[in-house]
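# Tertiary structure, described
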Amino acid sequence: MKDKTVFAFVHIEKAAGTTLNHILRNNFFPNYIDVRPLKNESTRIFKNDDLNVYMKINPCLKCISGHSIIPENLFVDNIKIKYFTVLRNPVHRYVSQFLHLVKIKSIKNDFEFFLSHSHFNNYQTKKIAGKEDLDSAKSILSNKMIEVGAVEEFDSFLLRLKKSLHPIKFDPTYTKKNITGSNAAKASLFDEYENEILHRNELDIKLYNYVLNQLIPERNNQYGQTVLKTDLERFRRDNVHTKTHVKNYADYIIRKVYYEPITGLIRKKSGMPAKGSY
């Protein structure tokens, strides 16, 4: 029996993930789901049993996305999982996450309180490797991802992803979503807490530089630098006229009427809150 392919977006907070999720919904609807752990013993990580349940909820599932997806934790029989992800400048991402959590009232507006929580340290490294292990994160990005990108070259990433997904038809056009905080607010925090921020993101900075200076140039060379430049100019010209897809509305209804209620019930039976990404 031929293995079924499922594409999996490792969604790192405040790294263009919401925008990419909308692109994925447009392209994989109705066989795309934002996934989350379904069992209390999951320890905030999306695992094999969770994926098996989602495959029953939608047997035609082709693409998943989630904050709790860590590549090293999924090994499902007869399913070939193809991962991709987007990283962001660690300093910008770190500050944006703080501002976002304040905005949604998850934490108090106290940056020193945020700094005291090691959970947010080297966040991108831990999202990829499941732990603060730079070498492991580099290896996973190099060997287990069909595509890796950075927010700072998002359009180029989308074109490379389109090529990696071939022969699947993929429309990368988009409108930016979930933008948090003013640049002035971010700059002010960095100016005041520069050393503390850099110290807490030391591994992430090394990982980001590895992606920016080695992985992305390699992927661009594989695409073809001249071809990429031409395709990028055309894409940016066409993307100006992006409109909301009808699929957005249909996807919203399915999420709110089917996926979220049924997974919420499963989570509640397991002693977890119905809502939440983890």
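Before reading on, note that the structure itself is shown above.
Report follows, based on the coordinates. (Residues numbered from 1 in each chain as written. Predicted model: local features only at pLDDT ≥ 70, side-chain atom pairs only at ≥ 80, totals over all residues. Heavy atoms only, no water.)

### What to know about the side chain of R160
Looking at the secondary structure, you find R160 in helix α7 (residues 154-165). Here V148 takes part through its backbone oxygen, which lies 2.9 Å from a polar atom of the side chain of R160. Not counting chain neighbours up to four residues away, the residues in contact with R160 comprise E147, V148, G149, E153, I216, R219, N220 and Y223. (Helix = DSSP H or I, 4+ residues; strand = E, 2+ residues; numbered from the N terminus. Polar contact = N/O pair within 3.5 Å; in protein donor to acceptor, adjacent residues only side chain to side chain. Contact = heavy atoms within 4.5 Å.)

### Focus on the side chain of N31
The topology assignment puts N31 in the loop between α1 (17-28) and β2 (32-34). In contact with N31, not counting residues within four places along its chain, are N58, C60, L61, K62 and C63.

### Comments concerning the sheet that holds strand β5 (residues 145-150)
The strands that make up a sheet pair up through hydrogen bonds in the backbone, lying either parallel or antiparallel. Pairing is parallel in the open sheet, where 5 strands are placed in the order β2-β3-β1-β4-β5. Looking along the sheet, the strands with just one partner apiece sit at the ends: β2 and β5. Looking at each pair of strands side by side, their axes are set apart by 20° on average, direction ignored. When strand β1 (residues 4-10) meets strand β4 (residues 79-87), the two strands line up parallel, connected through 7 bridges. (Pairing = 2+ DSSP bridges. Axes fitted to C-alpha atoms, helices over the stretch in contact; angles between N-to-C directions.)

### Regarding the layout of surface pockets
Approximately 280 Å³ is the volume attributed to the second largest pocket. Lining the second largest pocket are T43, R44, I45, H67, S68, I70, H119, Y123, K126, K127, G130 and Y278. (1 Å grid on protein atoms, 1.4 Å probe; cavity = no way out; pocket = protein on both sides within 12 Å on 5 of 7 lines; lining within 4 Å. Points joined across faces, edges and corners; volume = space filled by probe spheres on them.)

### With respect to helix α9 (residues 202-223)
For an α-helix, 3.6 residues make a turn, and residues three or four places apart therefore share a direction. For α9, which comprises 22 residues, the first-to-last C-alpha distance of 31 Å matches the rise-based estimate of 32 Å (1.5 Å per residue) to within 8%. A maximum bend of about 35° is found in α9 at V211. Residues L203, D204, L207, Y208, Y210, V211, L215, I216, R219, N220 and Y223 constitute the buried set of α9. G224 occupies a position one or two residues after α9 and carries a positive phi of about 110°. (Expected span 1.5 Å × (residues − 1). Bend = angle between axes of the 7 residues up to and from the residue. Buried < 20%, exposed > 50% of the residue type's maximum accessible area, 1.4 Å probe, protein only.)

### Considerations on the pairing of β4
Along β4, 7 of the 9 residues are buried, which leaves the element largely enclosed by surrounding structure. Looking at chain direction, β4 and β5 are connected through 5 bridges and run parallel. Bridge pairing links V86 to G149 in β5.

### Describing the pattern of salt bridges
Counting across every chain of the model gives 12 salt bridges. Between D34 and R25 there is a salt bridge, and its shortest N-O distance comes to 2.6 Å. A residue is classified by how much of its surface remains accessible, and R25, at 8% relative accessible area, is buried. Of the charged contacts, one joins D231 and R234 as a salt bridge, the two residues approaching to 3.1 Å between their closest N and O atoms. Here R234 and D231 lie together in helix α10 (residues 225-239), a separation of 3 residues that amounts to about one turn. Residue D231 is classed as buried on the basis of its relative accessible area, which comes to 18%. Three or more residues are tied together by salt bridges with common partners; here these are R25, D34, D251 and R255. (Salt bridge = Lys/Arg side-chain N within 4 Å of Asp/Glu carboxyl O.)

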